[in-house]
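Here is what each chain is made of, one letter per residue.
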Amino acid sequence: MPATPDPLAPPSSRPATARSMAAHPGSGPALLEVAHLSVTYANGARGVQDVSLRVGEGEIIAVLGRNGAGKTSTLRGIGGFLRSEHTTVGGRVVFEGRELRGAGPTKTFRRGIVLVPEREKVFPALRVSEHLQLAGAHGVRPSAPCAFEPLERLRDRRAGLLSGGERQMLALEVAWRSQPRLLLVDEASLGLAPVVVKELMSRLRSTASERRTAVILVDQDASSALRVADRAYVINHGQVTWEGATNTVSAADIAREYLGTSR
Amino acid sequence: MSNDVATIVINGLVNGCIYALIGVGFVVIFRATGVVSFAQGAFMVLGAEIFASLVNDGLSTGPAAILAAGGAFIFGGLVYWLAFSRLTGAEAFITSVATVGLGILVEAGVLLIWGPAIIVIPQLFSYQVHHVVGQLGFSNIDLFAMAVTVAVFAVVLFGLHRTPVGLRMRAVANNPRLAVFTGVNVLVTSTLAWAIAGLTAALAGIVYLVGTQPDPGSIYALGLAAFPAILLGGFDSIPGTLVGGIIIGLVQATVAVYVGGAWQDVVAYGVLLAVLLLRPQGMFGSPQVARL
Amino acid sequence: MTGGGKVPGREGERPTMTVPAAQGSPATENATVAGRGSGDVGDDQAFWRSKTTIGAAVYLVAVVAVLFGGSQFTLYEGTLIATYGIVTVAQDWIFGRAGLVSLGPAAIMAVGAFTTARLSTEGWGVFPVPLLISFVFGGVIGLLIGIPGLRFRGLYLMLTTLALQFIISFAAEQYQGVNREAGFTVTPPSWGSLQLANPQPLFLISVILLGLVLLGLSGIHGGAPGRAWNAIRQNETAASVLGINLVRWKLAAFIGSSAVIAAAGSVYAYQIGQVQYTTFSLDLSLTLVVMVFIGGVGTLIGPIIGAVGVVLLPQGIQEISNLFSGMPSVSGWLQLNEGIVADGIYGLLLLLLLIFERGGLVAVGQRLGRGAVAAGRLAVRASAPRIRRTNARNP
């Protein structure tokens, strides 16, 4: 495993590595290209007005913004809405060169995009080992060691009895085992203590870089996401209001961006 | 053992088995797709009529039962695939009314094909009675009913807990939305659930037919008569539906002997009301079904 | 309408067309597709009033047409439609507006019917006394159902009413007793010395009652009670947070709809003349529920269309079988199995409507109407350019 920069160091002091330079925008074909995405819900409400973003192979992208800004809707717009949700998705979503807009979660899953949803990330009645078995249908043997080590000793525990942090780890573990090319993580830090979030994010980053999986991290908590992301977008009222490399900006700048008081 | 008690035990167990067979399919549908099906009676009639036709044409009991149940299996799956898969996300009440419509449609179809008369089949089992103790003796028909029930429950429980397909069904039952995101093909799993429900209901219909000489209408009515058993056991519990079925069966048999046959249904529905008022999740239901 | 409109009772768009009642054919007097007072929350006062006025006018025309132009059979069917219409409109009240599910309307009708049967022979037969007493008894039953029913929503309430349907049916069976296989005879209604036994007075009674119910309901559905029920149906918790007294409004819906249904049962008793517990079975209850959905939940016209459809469908099949008179086997089979074929059609129609058009036949009619208007406009526009071009050549 190549030496990776310390994800816990403040962003401005992180040296630019070969990896993050390769992920610089415009340097090579994008894994995911989203152009002018719009999402309209059944009741007419617009979740996303106009969002454009791109993700390079192996990049970690943070999508930040206030509650209700349209981050989750953006993620779902990429990862697929269920038919029963009656949403209209506009714009272009191109994954690995092929159009994907409007495809449901089953199809996007098959193409290699896995979404870890915001709430209800695990099956409470099923044991951890059974979760791994479910994921095992997609290649990785259930008995293979967990990328998130703490889960190893919890294999027999029912997911409903796990702590918040453990559940998030399980959700991510199940997602990894499906061998995604692109991982979409919605609000991983929600309800978790800062210490737990730090640990989670660092594991996430190390696993992602190990497997060269691209990740889009949606989070309300900017600092934890910024620590591990290469680039970030800020979404306000369904539109991208700021984008850039994370080593050029601090969490405070981003927070000002949320509140719209910068520049 | 006195004659009365023996009658109660035998009738109670056999009727309980029929309720349990109806109920297990119901619970499987409910857990996999969230639909409260009022159409189990229709699958029962379908299974019974197909079985009767096959048996009257000379086919022996076993193969006839397998074919009839298989037909209902396919039919149940088709019904979900073509119709109820388009109702995902609808309110529970709507889907239930849809099952009422389905039941009416299937019942009409059955009556048009086979007619409303009592279903007559040749004698399939000898009247040999196997005595256990005193007056308590089970006939071959009784044993058939109980054997089928035990087999079905064993297969369903084993399948759910020890096979990959069963695991996927449990995942869908536990969190349908997440199941989609984890790559489970919910359409296939749900279709399978409905197919299983069709099969178990058909077997229930066949068991009922073999023991009595019913007309299609009475078989259809049984589909609703199973509700007290299902609620008593717990809306989403498979073992519960077996226990609930047997308890209701025994209660009804007792009422029939000591009070009068006409009171059986009322008492069962009285139990249903009591369960709803006192403990809606029944004996083994999960907390999620305490308030539906 | 966007999406599939999964919440019953919500009208996607206000109907903007009124289709006049078909003239002449006796089978379609009541098949009016007018936008009557729907109780949609956003209605503007004047607009609402004009819809009700149009609806009332159409209703009167239809009633008069049948009353003076219809045969005995037509009057009979009309009375049946009106009676079922009262029940279905009350059913729509309880689940289309208030979101409370009931599978037991037939049992409540039975209460009214049995009351009327006994009262009419025991010297209390002066009309409308049995009707009013049935109304009151119905309200009492509604209260008794409502109190435990307060606890439940949706599914469990449905099962509770299912249980009650059986229990009341059983009670009726016991009351009727083993000796009265034919049930109770109903002495025809009389007003002093005036006998109201003929089809015409009976028809009049039923349509007047239906008219009163419709007027009353369109009033309350459009006002504060309607909004309260609408809120309860959509989200009980939110409604109670908004200060809506759940107990009061839910009980009101139960009591009111049950009273109305029992009154319908009373009229029904007069019509059938002989009251037996077997008439008021689960089958009838389910048929009444199905009628509401087929017609269109959440509207006042929908349930009535459903009633019309269900009552007239067997006749429709007769007509179709006459078309096949050249093929006696087909027409014979159709006539023999009229009832069963009708049932099959209801079941299929219900399924199709629930999947594709939750708004029922009313919504289907609206769509067809809009389609016809759009097609008409297209036709007009298609003929216009020719005129313009000619003009352009002549400066």
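Draft legend 1. Main features of the overall build of chain A. Counting its regular elements, chain A contains eight helices and ten strands. Across the 263 residues of chain A, 53% fall into the buried class. Partitioning the contacts of chain A with sequence separation of at least 6, the portion at a separation of at least 24 is 69%.

Draft legend 2. Up close: the packing of aromatic side chains. Using the criterion set out here, one finds 21 aromatic pairs over all chains in the structure. When the ring of Tyr41(A) is compared with that of Phe81(A), the centres are 5.8 Å apart and the planes differ by 85 degrees; the resulting orientation is edge-to-face. A residue pair is termed long-range when its members are at least 10 positions apart, and Tyr41(A) in the loop between strand 1 (30-40) and strand 2 (46-56) and Phe81(A) in the loop between helix 2 (71-79) and strand 4 (88-95) qualify at 40 residues. Residues Phe43(B) and Phe75(B) carry aromatic rings whose centres are separated by 5.9 Å and whose planes lie at 75 degrees to one another, so their mutual orientation is edge-to-face.

Draft legend 3. Structural context of the interface of chain C and chain B. Contact residues are listed per partner, giving 41 residues for chain C and 42 residues for chain B. Interface area, chain C with chain B, both sides summed: about 3,800 Å², of which 82% is carbon and sulfur. It is Leu155(C), Tyr156(C) and Phe170(C) in chain C that bury the most area against chain B; as a group they hold 18% of the surface buried on that side. Applying the counting rule to chain C against chain B returns zero salt bridges. Going through the elements one at a time, helix 5 (154-176), helix 10 (282-295) and helix 13 (338-356) of chain C are the ones with two or more residues in the side of chain C that touches chain B. In terms of residue count, helix 5 of chain C provides more of the side of chain C that touches chain B than any other element does, twelve residues in total. A per-class count over the side of chain C that touches chain B returns 30 nonpolar, five polar and six charged.

Draft legend 4. Inspection of helix 2 of chain A at higher detail. Residues and elements named next belong to chain A. Across the nine residues of helix 2, eight count as buried, placing the element largely inside the fold. Burial in helix 2 covers these residues: Lys71, Ser73, Thr74, Leu75, Arg76, Gly77, Ile78 and Gly79. The first or second residue beyond helix 2 is Gly80, which carries a positive phi of 110 degrees.

Draft legend 5. Representation of the interface of chain B and chain A in the model. Every contact between the two is made by 17 residues of chain B and, on the other side, 24 residues of chain A. For the chain B and chain A pair, buried surface summed over both sides reaches about 1,900 Å², with 64% attributable to carbon and sulfur atoms. If you sort the residues of chain B by the area they bury against chain A, Leu167(B), Arg177(B) and Phe181(B) come out on top, with a joint share of 34%. If you look at where chain B meets chain A, you find one salt bridge. The salt bridge involving Glu130(A) is made with Arg170(B); its shortest N-O contact spans 2.8 Å. Between the two partners, chain B and chain A, sit three residue pairs in polar contact (both at pLDDT 80 or more). Taken together, the elements giving at least two residues each to the side of chain B that touches chain A come down to helix 6 (164-174) and helix 7 (176-181) of chain B.

Draft legend 6. Region of the structure containing the packing of helix 12 (residues 263-278) of chain B against helix 5 of chain C. As a packed pair, helix 12 of chain B and helix 5 of chain C sit with axes 9 Å apart at the nearest point and diverge in direction by 150 degrees. The two elements helix 12 of chain B and helix 5 of chain C meet at a crossing, and its hand is left-handed. Here Trp263(B), Val266(B), Tyr269(B), Gly270(B), Leu272(B), Leu273(B) and Leu276(B) of helix 12 of chain B come into contact with helix 5 of chain C, specifically with Tyr156(C), Leu159(C), Thr160(C), Leu162(C), Ala163(C), Leu164(C), Phe166(C), Ile167(C), Phe170(C) and Gln174(C). Taken together, the residues of the contact of helix 12 of chain B with helix 5 of chain C break down into 14 nonpolar, three polar and no charged.

Draft legend 7. Seen up close, the confidence of the model for chain A. All names here are of chain A. Averaged over all residues, the pLDDT of chain A is 81; the fraction at 70 or higher stands at 87%. Taken element by element, the predicted model of chain A shows its lowest mean pLDDT in helix 1 (residues 18-22) (42) and its highest in strand 7 (residues 182-186) (92). Here residues 1-26 scores under 50 on pLDDT; set against residues more than four positions off or in separate chains, the count is 35 contacts.

Draft legend 8. Spotlight on the environment of Phe324(C). Summarising the element assignment, Phe324(C) is placed in the loop between helix 11 (301-323) and helix 12 (328-336). Taking relative accessible area as the criterion, Phe324(C) reaches 31% and is therefore assigned partly exposed.

Draft legend 9. Structural view of the nonpolar core. Core analysis: the largest hydrophobic core is formed by 198 residues, its most contacted members being Phe38(B), Phe51(B), Phe84(B), Phe235(B), Leu159(C), Phe280(C) and Phe293(C). Discounting residues that sit within four places of it in the chain, Phe38(B) has contacts with Ser96(B), Thr99(B), Val100(B), Leu224(B), Phe227(B), Leu103(C), Met158(C), Leu159(C) and Leu162(C).

Draft legend 10. Representation of the pattern of salt bridges. All names here are of chain A. For the coordinates displayed, the defined rule picks out 14 salt bridges over all chains. Arg203 is paired through a salt bridge with Glu149; the nearest N and O atoms lie 3.3 Å apart. Here Arg203 is found in helix 6 (residues 194-211), whereas its partner Glu149 is found in the loop between helix 4 (128-136) and helix 5 (164-177), with 54 residues between them in sequence. Measuring nitrogen to oxygen at the nearest pair gives 2.7 Å for the salt bridge that ties Glu199 to Arg203. Linking Glu199 with Arg203, this pair stays in helix 6, spanning four residues, or about one helical turn. Since its relative accessible area comes to 37%, Glu199 is described here as partly exposed. The exposure class assigned to Arg203 is buried, which follows from its relative accessible area of 17%. Residues joined in a network through salt bridges with shared partners are Glu149, Glu199 and Arg203.

Draft legend 11. A look at the pairing of strand 7 of chain A. All names here are of chain A. Of all five residues in strand 7, five are buried, a share of seventy percent or more. Burial along strand 7 is two-sided: the residues Leu182, Leu184 and Asp186 and Leu183 and Val185 are all buried. Where strand 6 (residues 113-116) and strand 7 come together, four bridges link them in parallel fashion. In the strand pairing of strand 7, Val114 is matched with Leu183. Pairing of strand 7 with strand 8 (residues 214-219) involves five bridges; the strand directions are parallel. Bridged to Leu182 within strand 8 is Ala214. Handedness of the β-α-β unit built from strand 7, helix 6 and strand 8 comes out right-handed.

Draft legend 12. Main features of the side chain of Asp219(A). All names here are of chain A. Along the polypeptide, Asp219 turns up in strand 8. It is Lys71 that comes nearest to the buried, bridge-free Asp219 among opposite-charge side chains, at 7.6 Å. Side chain to side chain, Asp219 and Ser189 meet in a polar contact 2.5 Å long.

Draft legend 13. Main features of the confidence of the model for chain C. Residues and elements named next belong to chain C. Considering every residue of chain C, the mean pLDDT works out to 79; 81% of them sit at 70 or more. Per-residue pLDDT stays below 50 along residues 1-42; that stretch engages in 80 contacts with residues further than four places along the chain or on separate chains. Our summary of model confidence lists the complex with pTM equal to 0.83 and ipTM equal to 0.89.

Draft legend 14. Focus on the packing of helix 1 (residues 3-33) of chain B against helix 9 (residues 216-225) of chain B. All names here are of chain B. Viewed as axis vectors pointing N to C, helix 1 and helix 9 meet at an angle of 75 degrees, and their least axial separation amounts to 9 Å. Regarding the angle of helix 1 to helix 9, the classification is roughly perpendicular. Taking contact as the criterion, the partners of Ile18, Tyr19 and Ile22 in helix 1 are, on helix 9, Leu222, Gly223 and Ala225. Residues belonging to the contact of helix 1 with helix 9 are distributed by class as follows: five nonpolar, one polar and no charged.

Draft legend 15. Highlighting the side chain of Thr88(C). All names here are of chain C. Structurally, Thr88 is set in helix 2 (residues 72-97). Residue class for Thr88 comes out buried when judged on its relative accessible area of 0%. Contact partners of Thr88, with chain neighbours within four places excluded, come to Leu288, Met291, Val292, Pro303, Ile304 and Ala307.

Rules behind the numbers
- Residues numbered from 1 in each chain as written.
- Chains lettered and ligands numbered in written order.
- Predicted model: local features only at pLDDT ≥ 70, side-chain atom pairs only at ≥ 80, totals over all residues.
- Heavy atoms only, no water.
- Helix = DSSP H or I, 4+ residues; strand = E, 2+ residues; numbered from the N terminus.
- Buried < 20%, exposed > 50% of the residue type's maximum accessible area, 1.4 Å probe, protein only.
- Contact = heavy atoms within 4.5 Å.
- Phe/Tyr/Trp six-rings, centres within 6.5 Å; stacked < 30°, edge-to-face > 60°.
- Buried area = accessible area lost by both parts, 1.4 Å probe.
- Salt bridge = Lys/Arg side-chain N within 4 Å of Asp/Glu carboxyl O.
- Nonpolar A, V, L, I, M, F, W, Y, C, P; charged D, E, K, R; others polar.
- Polar contact = N/O pair within 3.5 Å; in protein donor to acceptor, adjacent residues only side chain to side chain.
- Axes fitted to C-alpha atoms, helices over the stretch in contact; angles between N-to-C directions.
- Left-handed = near helix turned anticlockwise from the far one by under 90°.
- pLDDT = per-residue confidence, 0-100.
- Core = buried A, V, L, I, M, F, W, Y, C linked by side-chain atoms within 4.5 Å.
- Pairing = 2+ DSSP bridges.
- Right-handed = clockwise from strand over helix to strand, strands pointing away.
- Lys, Arg positive; Asp, Glu negative; His and termini not counted.
- Parallel < 35°, antiparallel > 145°, perpendicular 65-115°, else oblique.

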